[in-house]
Amino acid sequence: MKKSIVYKAMALMTAMAMSVSLASCGDDDKDGDDPIADNSVSKVVISYNVSLADTWYTFYDVQVTYANVGGTEVTESIDMDWNYTMTLTDVEFPTHYACKVVAKPKADAPAPEADEMYRLDTDITCSVKGYAADGSAMAFGDSDQSKRSAQTKGSSLAGTLDKEHPLINFVYNVK
């Protein structure tokens, strides 16, 4: 009989201890804030920047194809340095970001001077950056930079004016 009372008492104390421990697992979040949301991306900044030496614009038609705010690819011809920056704060961000720059030979390009030196410098940067609600940068996004300094004689440049030159092909898909 004593063993039965001891077992019942132990069972009762075990049940009470379990109910107290389960109560401590309840939701203490009284104001409805989700602590996980504090670590999520609240803003995405997409930036595409193209800076080319004048030689590119003189002898080539430069085209930029980029993903806009809706994630749709748009193609523009540019004849001077160009940049496109968007800041998104929507709940659903696009899953596709891209920027492609191609120099296509101009049909009516002037003939280069054979002994003149021509600059073919490029400085192209594409980036996708995510930020938390507190403004801190997140491990979200990607970036690519194509920066080259080059020069060539007009006689060499003449031999490349019939070719298309891809300058950057940045693609980032959110997984």
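Overview of the structure. (Residues numbered from 1 in each chain as written. Predicted model: local features only at pLDDT ≥ 70, side-chain atom pairs only at ≥ 80, totals over all residues. Heavy atoms only, no water.)

**Looking at the nonpolar core**
Part 1 of the argument: Ranked by size, the top nonpolar core spans 35 residues in total, and within it Y48, V50, W56 and V101 carry the most contacts.
Part 2 of the argument: Secondary-structure elements contributing two or more residues to this core are strand 1 (43-52), helix 2 (54-59), strand 2 (60-67), strand 4 (82-88), strand 5 (96-105), strand 7 (122-131) and strand 10 (165-173).
Part 3 of the argument: Here V50 is in contact with Y57, V64, I78, D81, W82, V101, D123 and I124, once residues within four sequence places are set aside. (Core = buried A, V, L, I, M, F, W, Y, C linked by side-chain atoms within 4.5 Å. Buried < 20%, exposed > 50% of the residue type's maximum accessible area, 1.4 Å probe, protein only. Helix = DSSP H or I, 4+ residues; strand = E, 2+ residues; numbered from the N terminus. Contact = heavy atoms within 4.5 Å.)

**A short note on the pattern of salt bridges**
Part 1 of the argument: Counted under the stated rule, the structure contains one salt bridge.
Part 2 of the argument: A salt bridge links R119 to D121; the shortest N-O distance between them is 2.9 Å.
Part 3 of the argument: Residue classification places R119 among the partly exposed positions, given a relative accessible area of 37%. (Salt bridge = Lys/Arg side-chain N within 4 Å of Asp/Glu carboxyl O.)

**Description of the sheet that holds strand 10**
Part 1 of the argument: Taken in spatial order, the four strands line up as 3-2-5-10 in an open sheet, and their pairing is antiparallel. Strands with a single pairing partner mark the edges of an open sheet, and in this sheet they are strand 3 (73-78) and strand 10. Strand-to-strand twist across the sheet, computed as the mean angle between neighbouring axes with direction ignored, equals 15 degrees.
Part 2 of the argument: Note that strand 2 and strand 5 share seven bridges and pair antiparallel. (Pairing = 2+ DSSP bridges. Axes fitted to C-alpha atoms, helices over the stretch in contact; angles between N-to-C directions.)

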